[in-house]
Every structure is written in C-alpha cells, then in structure tokens.
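Each chain, written out:
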Amino acid sequence: MEVKTSLLDNMIGVGDMVLLEPLSEDSFIANLRNRFDHNEIYTYIGSVVISMNPYRSLPIFTPEKVEEYRNRNFYELSPHIYALADEAYRSLRDQDKDQCILITGESGAGKTEASKLVMSYVAAVCGKGQEVNKVKEQLLQSNPVLEAFGNAKTVRNDNSSRFGKYMDIEFDFKGDPLGGVISNYLLEKSRVVKQPRGERNFHIFYQLLSGASDDTLKKLKLDRDFSKYNYLSLDSAAVNGLDDAANFRTVRNAMQIVGFMEDEVQSVLELVAAVLKLGNIEFKPESRCNGNDESRIKDKNDLKEMCELLGTEQTVLERAFSYRTVEAKQEKVCTTLNVAQAYYARDALAKNLYSRLFSWLVTRINESIKAAPKSRHKVMGVLDIYGFEIFEENSFEQFIINYCNEKLQQIFIELTLREEQEEYVREGIEWTNIEYFNNAIICDLIENHQNGILAMLDEECLRPGTVTDETFLDKLNTICAEHLHFESRLSKSSKFLTDHSLPHNCFRIQHYAGKVLYRAEGFVDKNNDLLYRDLSQAMYKANHSLMKQLFPEGNPAKVNLKRPPTAGFQFRHSVGTLMRNLQTKNPNYIRCIKPNDKKASHIFTDSLVCHQVRYLGLMENVRVRRAGYAFRQAYEPCLERYKMLCKRTWPHWRGPAREGVEVLMADLTVPAEEFSYGRSKVFIRNPRTLFFLEERRRQCLQDLATLIQKIYRGWKCRSHFLLLKKSQIVVAAWYRRYAQQNKYKRIKSATTVVQSYTRGWQARKLLRELKYQKRCEEAVTTISAYWHGTQVRREYRKFFRANAGKKIYNFTIQRIMQKYFLGLKSTMPSMSPIDKSWPVKPYLFLDGVHSDLRRIFHLWRCKKYRSEFTEEKKAVFEEKLEASEIFKDKKALYASSVSQPFMGDYLEISKNPKYQKLNSAMDEKVLLADVVNKINRANGKGTARIFLLTKNSVVLADQKTGQVKASVPLPDLTSVSVSTQSDGFFALKLKEGSASAIKGDFLLSSEHLIEIITKLHRTGATAADSEQLNIDISDEFLVQFKHDKVCVKFIQGGPKNGNSVSCKRKNNRLLEVSVPSTV
Ligand SMILES: Nc1ncnc2c1ncn2[C@@H]1O[C@H](COP(=O)(O)OP(=O)(O)O)[C@@H](O)[C@H]1O
Ligand SMILES: [Mg+2]
C-alpha cells in the first residue's frame, strides 16, 4: 500500500481548495472535476470536507481505510470523510469539546450516506464491549426505521430523506457511546396524499405491501396490489435496486433491535394500513334542499375496514367527514362539508396521522436510545438536513428549508470566523479584518419577530377576516419593500415594477446562495396546517392506544380553543433551538455536491456543480478561509517536511522547531510578508509560497533519493563483499584444518611406526635380557638342585638299602615293558605273510627286541600260514621254492614267473581227444605238457613241438600229428643250459654216448621255461637211478649238434629287434640269440 505522509503528497489537483491558485469559480470547478475524474470524491476547504456523490461504491470505506485514518492528523492523508470523523471524535474524546457535524447539500448529493459513514466510523473506532456494542447497534439501527418512514423515491434520489434529522450521540469520558437523541424537522407530509410525477410515497407503504406475510396483510385488511390504493402512485412503484420486501424484513428487524415491542410494531403497521384505507375513501356530492352542498361517502367498505382497524365507530368518522364544528367562546356552529372540503379533511387527516406517527416513532426511538442521566456527557451531533433548494416553483416548504440553510450559513460564518480569529489570537498573530459577506441580514428578513416574513405570515393566519395568500403578499410588499434582499413586483419601493421575471403572485429573496422566487400561493394554508377538530376528536375516540397518543387535542376534557402554533412558528422555534445547540459545539462541515442529475457515475455536469458551488457558498468559504493566511502548520511537522531544503536543518535540527523553521525560511529567502510566526504554528499567506516550498522539496527529494540509492548500493556491495570475504575465510579455515588434519594423521602414523619399531626393539632387548636372566636362574636352580640332590643323597645314602636302585630300575623297566607289550598287542599287524607293516619302536633301548619280535612274529605268521596248506598246495609251493633256489638272482626271467602258478599240463593231454593217441603212448603220468619251439640247428628258426614230461622221460611230439619225435629218458639228460636273460631258450644236454645223443642236444624255447626246468630238475632228482641234473646258467654255452659243438651266445638286443627274441646262425660255430633288453 502506498504510504502517504502528507495531504500534499501525490495530490491530484489540489486537495485543499484553500491552496487553489489562482482562485476563481472556474479553477474551483476544474479542480473538483479533475479530482472527481480520478475517483477523489473528497476535497477540503481548510477543515471543511466537500463530498462529491460518486453514485457507485468505491473501495474507500473498508475496515482497512478506517484503520488507516484512525488517530492520524487531519492533513496527514488525502482528504476523506473519515479524517473529519476522526478529527471530530478525537477532539471530543481528548479535548472534551462537544462536536457537531453539519452535512448540507441538495437532495441526492449524499448527505444521508455521509452521515451514515460518519456514524459507522465513530462506531468502529470507539470503545468495545457488550454494553457499548448494544448501544452502537441501536444507534445504527435507528437509521433503517427512520428511512423506511421518512424516505421516499424522488426524481433526484431513489432514497431521498423527506425530513431533516439531527442526532446527538452521547459519549462517556472514555469516548464510549452511551446513547443518543434524535430531532426531526418538518417531514414532507404532503407526499402522503400526493406525489409528483415519477416519485413515490414513503417507502414503508410499498415495503408493507410487498414484504408482509399473507397473514399479516389479512389482519391489516390489506391487499398486495399497489393499484388498489389511491395514495400510492403507480408509475414508479417498483424502483431499480430497491428490494422492498427485503427492506421490510430489515425494518422489522431494526425495530426489534431498537426496542419496539411486538404490539407497538403491530399498532404502527395498523396506522400505516389505516392511511392507505383512508386514501380509498371517496366522496360524492349530494344537494340538500337548503342549497348547501353536501358530500356523502361513496363506498363505505373501506371506511368500515379502516374503522375496524382503528377501533373507531364508523358513524363517528362518517359524521366527521360530513360536518365541521366551529367553536367560538360560548357558541358551537356546525356546518356541512362539501365534496372538496371533505377531500381536504380526508387528506389533512391522512397527512396528520402519518406525520404524527413519524414524530411518535422518533420519540419512541429516543426513549430506547436515551442515555442514562449522568452528570455530563460529551456530545457529537450529526445534522443531516435538506440543503438549499431552488426549484422552478418554490413554495412554503422551500422557503422554510432555505431559511434553515441560511441559518446554517450564518452559524458557519460565525463559527469559522470566530475560530479563525481565535486561532490568530492564540498564536499571537496580528488580526487583520476580513472582508466577507455576512448573511445575518437575510436571516433577519425572514425571522425578525416584528417584521420578519414568518412573523407576518403568522399575523395573517391569525388575523380575523378573510385571509388569502394575496393579502399576505400585499403585507410583504408593504413591510419589506425597503429590504435589500427582498424583491417583489408590487413592492412599495417600486424598483421591480418593470421586472418581468417577477410574476405578480410571487416574491423573490436574495439568499446568500442565490435568488429564489417563491410563489405565495398555499403559504397561508400550509402555515395553518389545519385539521378539523371533529376529526381529531374522532381519532381520539378510537379504541386504539397509539391513536389516542397521536391526537391528544381530540380529548374533549382538554378542549383548547387556542389555535395550535403555525408550522412556520414551530419551525422557527425548532431551528432556533437547533442553532443554539450548534453554537455550543465545535462545528465540522461536510458539504455534499451532486455531480449530475442522472444519478449516474462518472458524469460531471459543470453547470450543475457550478450552481451548487454557488448556493453552498463554497467560494465564500474559501475566501473567508484565505482572508488571513492560506496555510498554517505546526512548527514540528513543518520542519520535518522541509528540513532538507537547508543545510543547517538537514538532516537534524537540534534546537527548538520554531528556530529551525526561522532558519529554514531565512535560508530560502521567502519574503517576510509571505509568512508569520505564531506561537506554535507558522502561517503562510499565499498558496504560491507553499507550492514553492513543495516544489523545492520535490527536487530535493529526488536528489536525496539518488543519495540514498548511492549509499544503499555502496552498502549493499560492501556487505556483499564482506560476506564473500567472511565466507572465504571460513572456507580457507576449513580447508586448512582439513590439510593440517591430514598432515597430522601422516605424522602420527609415521610416529607410531617408528615408535612401534623402537618399542619392539626395546622389548626384544628386554626379552633377551629377561630370557638370559631366566636361563641363569634356571641354571642356578638346576645346579643348586643337583647340588642339593647330591648333598641330600650323600646325606641319605646311608639310610638306603644297597640294591634299592636296581629294584627301582627293574620295576621301571617292567612297567615300560608292560606298557610296550600292551601297546603292541593293540597295534598288531594282520596275519598276511606279505604284510610288511610293523608298529614303530617306542623306546630306543628296545631296538633289538622290537626287530626280533617282528621277525619272530613274521615267522610265526608264516608257520601258521603254512600249516593251513593241503598236500597239493604244499607240492606247488615246494616246486616254487625249488624254482627260486635254482633261478633266483640268476636268471632275469625268474621274476616274471613268481606270480604264475605252475599248471603242469597246459594242453590237458588226457582230456583233449586230439592228443589221445599221444597220451596213450605214454606209459607214465604226464607231469607237464606244453608247446615249445624246437630251434632249428641250421638257421635258428623255431618249430612248434609238444613237450611232455613224465616221471621217466622227456618226450617231444609233433604238434599237429601228435607223433612222437623224440623220447629221452631222464637219466640220459646231463644238464640243462639257460641264459641269465629273460628269454625262454634252454638247451637239453644229453649224456654222451647214450642212445638219445645221436641226434645231438636239443635247443628249445618255451614260455614256461622256469616251470619246465624246475619240474625237470625235481623229477630228475626223484628218479632213483639218475644223477642230480645240472642246471647251467650262463649267457654262452656250447650245444652238441650231431657232430659239431655250437656256441649259443646271448646278447642284449638292439632296438631293431623289437621285443621278440630272435635267433640267428652266425656261422657253424655260433648261434646268436638276441634278447630284448629288460631294462
Ligand atoms: N459515498 C457514496 N458512495 C456511493 N454512493 C453514494 C455515496 N453517497 C451517496 N451515494 C448514492 O447517492 C444516493 C443518494 O444519497 P443520499 O445520501 O440519500 O442523498 P441525500 O441524503 O443528500 O439526499 C444514495 O442512495 C447512493 O446511491
Ligand atoms: Mg438524505
């Protein structure tokens, strides 16, 4: 939100007309227009607020605005009605000055709205609390009730107040509202019976008919249809933006809040209904024989209903409409009423009934909102009264109203000037007389007790004889002829004889706000305001409590023959009271202006505004205000506002503010006649000077703004830089900390390593020393133990037996042996003779025993094994044993034969039918039968032969035929030769000279060489008569072939021989057998 510190800031046009330069009507209106166009509807003339009606809702009446204006100085913020209300309320509360707020302006200018704004502002800012809120609510809610009964739609305003209203709000010493008193002035009662074209009757009639429930209407004998009622104009019954039905509810509610009882509300509505019914009573003429016109009621139905409503007797009322009783001293004269008179009587009754009802309402509201009597109340009066009115045809009402405005102007001039004067005196400023128009003379013309217009009107009305409006005008022409402000065609001064703008039946008054032409017609009647006594008596007779109160003069017991006071007299009287009341108070003015006639927003009609500005006397107002000094301001705010204009006062002035202002003015070389120094304020004569100051200030502010900007930017950059610097230090600090931490960690770990090495080294050194020490200690202990032992033994030897040591030794040995044997028993190896395992020796000294036991166990195991042999198996093993004795470690072939069992008969010669013949040729049992190769003597090649061995001989047979080729008796064999190698060659050497030896020795080869030789050797040995057969094992032996002896030589074969044994005849003396190498 924009913050303003002075009215002068951001001002649209000129906020205070006093500062308008040059001051003329045109510039005045141009300024108003300019501000109005910018939605600035308020403008000041000093402390007076000019209010333009915006005819639309502006966002300037919000609770925020209330807060904004609360407790602020009047000239601090832009012009607003709230500023005035605040000023008034604060000086009431704080300075104990009673206030009045005078709101003037023509119909539709916004007076009533303004008064409501003031009241709502005061209600918002004054104290709070349950009791206070109730009072506030009642005060505020009195408005809708009075508006319903006193406002109507007119051509100028849809909600025009048709009465003047003055409300005193009473406050306690704290400024909390206590209650109020409302005074009403001159209700426009003629409206009840007749409304100008385009206007309506009072709102309440329409509200009742549209808003009341069917039930209520039935009780009131009313019909919803407006057209049924003569008193309701139809052409504008419905008004745009006015919801009568809703308003009726609002009014009912407001009445309840204000404190009306339910039966009171009912009575009020009954009277309203009665007025409507009254309007429907119509009369018809009826000629009577004596020639007098008489009237009769046309349709008595409405009369009847009305009488039922009011509880009157129909005949009484009927009579009151037909006759008039005039009472003079002792006489009573009764005359009949003609139709016109009957209608006059009816309307007079309706008007009176309604206006009295309205006055009663005001009294009733006052009763409710009355403050408890206390020693002293502070009072704020709000006057919402009709403004100056100039119509084409002006009558008594306008005259009265304008008189009232004239009085208000009078009081305004008086108070404003007085105030101004007082201020100058207070401030010690020399007072120069101010030229202005004083309207006291006009007031005198109207209200003077001897020759004032009102006094003369009353005189006319009271004068016996025929009194008409013309006689009244004649009187004026005579008496006021010389008055400067009275104009009439026929006035005695004859100044206006030729003035054709002045009709004969009119007179003109030069009011302070302009000339107004009044038509004399109706003045007398309206002033008399007659209601026939028969009617008031009829009303008093009604069985209706409210009616009785409204027509007290109808009470026959209190017949008062004196005429009631005239309307003019009453008004003058109440205006007098009002003025006296206002004079005791501090006035605050709100002058309302209507911008256009169309009730439209955004339209500003210059001529219309100009007219209002004139008759409201606003120019006068400005002039009066400017007569002395146009502008004044207390020293402190003045210095505060302009101190930047002078080096000595900027930025701070240490001394008193007044001196500061003096220095300032001197420095600015403002002409001395342009200002004066008061006690607390500086007074500036011309607005020019003020604007000069303002302009200088504006320029200076720009420079200051630049300066502030400069300083601010510098500050901002500096703080930014400092922040960066600070941040950099923080970052650096953290980084350094981090780096140092790392360095420290490295040093620490290095130190730890060094330390650990050193400590290790020290510890090891220490350990070594300790170990050495310990060893020394142990050695010492051992030596000392032995030494002690020796000594002890030496000591005790004599006590031991001589062989005790041996016994102990034996016993120990026994124990060890026992343990050894028991251990052996549990770890014995298996009974297999080939099992080589044996437990490890436990003691060194048992070495010999251990291996002996192993051997013994083995032998025992073998014996056990052997003892389980059968005879055959025994034989087999004997053969194997013999083979071993013969060949073991002598012939390489032997090793491979060990695992081969000796089968003997490989050919199954006894069973195989192929060898049946051969078998049968054998006389002995065949011990061995196998196929062998007989080596050819000539070339060394082999031929397969069956080799048979019996108990007596060796037989060689053809393998295919089985034919015996040779049979050698065993005794003929002398020896057998074999090589040391792994071949199967063997030579059977025959006894020289034996029969078998003719063909020479046999050189054979067999796969079962070992078995054959073994069996041969055994058999030969068992033959009783034979010698032991020699077995010759060597790699070279001689063989007898027929006649030659051939050497058979065995050589280790080369690789080209492969695996097979090959035999070659090298020469007739050498047969070479090459044997594959066994390695
Ligand atoms: N401050 C305002 N803001 C908006 N509308 C306003 C304001 N003042 C007056 N009006 C409008 O003008 C109409 C007439 O105002 P009102 O106060 O009844 O006039 P007055 O009492 O002077 O005859 C109101 O009904 C309302 O529509
Ligand atoms: Mg009004």
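Thresholds applied
- Residues numbered from 1 in each chain as written.
- Chains lettered and ligands numbered in written order.
- Predicted model: local features only at pLDDT ≥ 70, side-chain atom pairs only at ≥ 80, totals over all residues.
- Heavy atoms only, no water.
- Salt bridge = Lys/Arg side-chain N within 4 Å of Asp/Glu carboxyl O.
- Helix = DSSP H or I, 4+ residues; strand = E, 2+ residues; numbered from the N terminus.
- Buried < 20%, exposed > 50% of the residue type's maximum accessible area, 1.4 Å probe, protein only.
- Core = buried A, V, L, I, M, F, W, Y, C linked by side-chain atoms within 4.5 Å.
- Contact = heavy atoms within 4.5 Å.
- Donors = N, O, S within 2.8 Å, 3.2 Å for Na, K, Ca; no water.
- Expected span 1.5 Å × (residues − 1).
- Near = heavy atom within 4 Å.
- Polar contact = N/O pair within 3.5 Å; in protein donor to acceptor, adjacent residues only side chain to side chain.
- Areas by Shrake-Rupley, 256 points an atom, 1.4 Å probe, with all protein chains shown as cover.
- Nonpolar A, V, L, I, M, F, W, Y, C, P; charged D, E, K, R; others polar.
- UniProt positions renumbered as here; feature names shortened; annotations may be inferred.
- Phe/Tyr/Trp six-rings, centres within 6.5 Å; stacked < 30°, edge-to-face > 60°.
- Lys NZ or Arg CZ within 6 Å of the ring centre and 35° of its normal.

Taken as a whole, this structure holds 60 salt bridges when the rule is applied. Its salt-bridge partner being K277, residue D302 comes within 4.0 Å of it at the nearest N-O pair. With D302 in helix α11 (residues 300–310) and K277 in helix α10 (residues 262–280), this pair connects stretches of sequence that are 25 residues apart. The buried category is assigned to D302, whose relative accessible area is 15%. Notably, a salt bridge pairs K891 with D983, separated by 3.4 Å at the nearest N-O pair. Of this pair, K891 sits in the loop between α29 (871–887) and α30 (894–897) while D983 sits in the loop between β24 (973–978) and β25 (985–990), and the two are 92 residues apart along the sequence. Look at D983 and you get buried, because its relative accessible area is 1%. By sharing partners, the salt bridges in this structure join E106, R156, K594 and D597 into a single network.

A few words on the nonpolar core. Ranked by size, the top nonpolar core spans 214 residues in total, and within it F28, F149, F321 and F507 carry the most contacts. Sequence-distant contacts of F321, defined by excluding residues within four places in its chain, comprise L278, I281, F283, S295, I297, L303, L337, A342, A345, R346, L349 and L535. In this structure, Y894, F902, V976 and V978 belong to the second largest nonpolar core, which totals 30 residues.

For the magnesium ion (ligand 2), the protein coordination sphere consists of T112 (OG1) and S161 (OG), at 1.9 to 2.1 Å. Of the two residues, T112 is situated in helix α4 (residues 111–125) and S161 in strand β5 (residues 160–161); the sequence distance between them amounts to 49 residues. As far as burial versus exposure is concerned, T112 and S161 are alike and both buried.

It is worth spelling out helix α14 (residues 396–427) at this point. The end-to-end C-alpha distance of α14 is 46 Å, a good match for the 46 Å that 32 residues give at a rise of 1.5 Å each. Positive backbone phi, at 75 degrees, marks G428, one or two positions downstream of α14.

Another point: the site of ligand 1. As a matter of local geometry, ligand 1 sits amid 16 residues, with N53, G108, K111, T112 and E113 nearest to it. Contact distances for ligand 1 include 2.7 Å between an oxygen atom and a side-chain N or O atom of N53. One of the backbone nitrogen or oxygen atoms of E113 is found 2.9 Å away from an oxygen atom of ligand 1. For ligand 1, whose free accessible area comes to 560 Å², the fraction covered by protein is 83%. Among the elements that take part in the shell around ligand 1, α4 stands out by supplying three residues, more than any other. Looking at the shell around ligand 1, its residues break down into four nonpolar, eight polar and four charged.

Mapped onto this numbering, the UniProt entry annotates "binding site: ATP" (unreviewed entry) at G105, E106, S107, G108, A109, G110, K111 and T112. Residue placement: G105 occurs in the loop between β3 (99–104) and α4. Those residues in contact with G105 that sit more than four places away from it in its chain are K111, I385, Y386, G387, C592 and L616. The topology assignment puts G108 in the loop between β3 and α4.

In this fold, Y386 is placed in the loop between β12 (378–384) and α14. The exposure class of Y386 is buried, given its relative accessible area of 9%. With 678 residues separating them in the primary sequence, Y386 and K1064 have C-alpha atoms 174 Å apart. Those residues in contact with Y386, other than ones at most four positions away along the chain, are G105, K111, F163, G164, Y185, L186, I401, N405 and F571. Of the polar contacts made by the side chain of Y386, one reaches the backbone oxygen of L186; its length is 3.2 Å.

Per the stated rule, a full pass over the model turns up 39 aromatic pairs. Taking the centre distance of 6.4 Å and the plane angle of 45 degrees together, the rings of Y735 and Y738 count as tilted. Placement of the pair is Y735 and Y738 together in helix α26 (residues 687–796), with a separation of three residues, close to one helical turn. Judged by relative accessible area, which is 48%, Y738 ranks as partly exposed. Chaining the aromatic ring pairs together yields one cluster made of F396, F399, F472, F486, F507, Y518 and F523. Just above the ring of F260 sits the side chain of R364; from NZ or CZ to the centre is 5.1 Å. Against the face of F902 rests K880, its NZ or CZ located 4.0 Å from the ring centre.

Moving on to unusual backbone geometry. Each neighbour pair has its own omega, and for E21 with P22 the value is -5 degrees, a cis peptide bond. Structurally, P22 can be placed in the segment before α1 (25–37). Positive phi is not limited to glycine here, since K221 has a value of about 55 degrees. Looking at the element boundaries, K221 is found in the loop between α8 (214–219) and α9 (244–258). By relative accessible area, K221 is classed as partly exposed at 29%. In the Ramachandran plot, K599 falls in the positive-phi region, its phi being about 55 degrees despite a non-glycine side chain. Mapping K599 onto the fold places it in the loop between β16 (586–593) and α22 (606–615). We classify K599 as partly exposed; its relative accessible area is 24%.

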